[in-house]
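Analysis of the macromolecular model
One letter stands for each residue in the lines below.
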Amino acid sequence: MSKLNCHWQLRANWMRRVHFSAEHVKMIDPPEDARDIFPDKKIVGRIYMDDGTEGRYYTRGRLGAAEYFERCLPLYRKARGVTIWENCNEPAMIHTPGQRESLDEFTAEWCRLMHNEGLRCVVGNFSERNPEDGTIAEFVRMLSTGDYLGIHAYSAPHLWTDADKLILRYRKLAGEIVQAGLRLPPILLGETGIDLGIIGRGRKGWTKVPGMDWADYCNELVWFAGELEQDDYLAGAMLFTAAPSKDWRSFGITERQARELAERLG
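Here is a short report on the structure shown in this document.

Rules of the game
Residues numbered from 1 in each chain as written. Predicted model: local features only at pLDDT ≥ 70, side-chain atom pairs only at ≥ 80, totals over all residues. Heavy atoms only, no water. Helix = DSSP H or I, 4+ residues; strand = E, 2+ residues; numbered from the N terminus. Buried < 20%, exposed > 50% of the residue type's maximum accessible area, 1.4 Å probe, protein only. Contact = heavy atoms within 4.5 Å. Pairing = 2+ DSSP bridges. Axes fitted to C-alpha atoms, helices over the stretch in contact; angles between N-to-C directions. Phe/Tyr/Trp six-rings, centres within 6.5 Å; stacked < 30°, edge-to-face > 60°.

Turning our eyes to something else, we now look at the side chain of Arg169. With respect to the helices and strands, the residue Arg169 is situated in the loop between strand S6 (148-155) and helix H6 (170-179). Accessibility expressed as a relative area gives 8% for Arg169, which makes it buried. In contact with Arg169, not counting residues within four places along its chain, are Arg129, Asn130, Pro131, Glu132, Asp133, Ala163 and Asp164.

Structure follows, in C-alpha cells:
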C-alpha cells in the first residue's frame with residue numbers, strides 16, 4: 001500500500017472519483033459530509049487561518065491554546081467524520097528557545113483539550129527546513145502528547161534534488177528525536193511536492209518548472225512514494241495540491257493526473 005495521497009485545498013466534483021490506496025487524506029476546512037466523501041480513509045483536517053492570526057495564538061503558550069481551541073471547536077464538532085486535526089500551520093516564530101518554549105506549551109495544552117474531546121492531534125506542522133537543525137528535541141511536550149508529528153516536505157526543481165536535505169529531511173529530524181531518547185510519533189507529511197520558492201524562484205509549483213510535464217512529475221512522485229515505503233514511522237504524505245485555489249494553481253493536479261498517479265502507486 002502506498003503512503004502518498006492528496007491534499008485537498010478546495011472541494012471538487014471529482015473528489016469521490018479518485019481512489020488512492022494510502023489510508024490518510026487531508027482536507028482544508030473539511031465539510032460536514034467529509035466522511036461520505038472519503039468513507040474508507042483517515043481524514044486529516046486543517047482549519048484555515050492566516051499566519052498572523054495563528055501566530056497570535058501559539059506565541060502565547062497555554063492561554064493561546066485555550067483560545068485557539070475554543071475558536072476551532074464548532075468546526076471540530078460539525079465535521080465529526082474528521083477525527084485527526086492539525087493545529088497551527090508552519091509556525092514561523094520558533095527561532096529562539098523562548099519562542100520554541102511557547103509553541104511547545106501551546107501544543108501540549110491544545111492536545112490535552114483535543115484528547116478530552118476524543119480527537120487526535122497532528123503537531124508541529126513545520127515548513128521545509130524547520131525546525132532548525134538540532135532544535136526539534138526541545139519540543140519535549142509536543143512529541144510526548146501529539147498523536148502525529150506533522151512536517152512539510154518540498155524539493156526543487158526536482159523531487160530528488162538535495163533530497164536528504166529537503167524532501168527526505170524528515171529522516172534527519174526523526175533521527176534527532178530518537179537520539180535524544182524522546183518519543184517519535186508517527187510522521188505525516190501534511191504537504192509535499194515541488195515548490196520553486198525554496199530555491200528562490202517564487203512560490204510556484206511543478207507546472208512552472210522549465211521543461212517538466214506531467215509524465216516527468218508523475219515519474220518523480222512514483223520514486224518518492226517508493227522512498228516513503230522504506231520508513232515504518234512515516235504514516236502518510238499528502239501531495240499539494242488537488243482542487244487548488246487561485247493562488248496555488250501551479251501546484252495543482254487534475255482529475256486525470258490524479259487517476260493516473262493513483263493507478264501507478266497501486
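What follows picks up the thread again.
Take the sheet that holds strand S5 (residues 120-126) next. Reading around the barrel, the eight strands line up as S1-S2-S3-S4-S5-S6-S7-S8 and close back on themselves, with parallel pairing between neighbours. Strand-to-strand twist in this sheet, taken as the mean axis angle between neighbours without regard to direction, amounts to 30°. In this structure, strand S7 (residues 187-194) lies alongside strand S8 (residues 234-242), joined through four bridges in parallel fashion. If you follow Leu188 over to S8, its bridge partner there is Gly236. Along the sheet face, helix H4 (residues 97-116) touches strand S4 (84-86) and S5 and points at about 160° away from the line of S5.

A few words now on the packing of aromatic side chains. This structure, assessed with the given rule, holds 15 aromatic pairs. Ring geometry for Tyr68 versus Phe106: centroids 5.6 Å apart, planes at 65°, classification edge-to-face. One end of the pair, Tyr68, is in helix H3 (residues 61-78); the other, Phe106, is in helix H4, and 38 residues separate them in sequence. Accessibility classification places Tyr68 together with Phe106 in one group, the buried group. Three or more aromatic residues joined by ring pairs form one cluster here, namely Trp8, Trp14 and Phe38.

Glancing now at the pairing of S6. Across the eight residues of S6, eight count as buried, placing the element largely inside the fold. Where burial is concerned, the two faces of S6 agree: the one with Tyr148, Gly150, His152 and Tyr154 and the one with Leu149, Ile151, Ala153 and Ser155 are both buried. Pairing between S5 and S6: four bridges, direction parallel. Bridging from a neighbouring strand, Gly124 pairs with Gly150 of S6. The pairing of S6 with S7 spans seven bridges and is classified as parallel.

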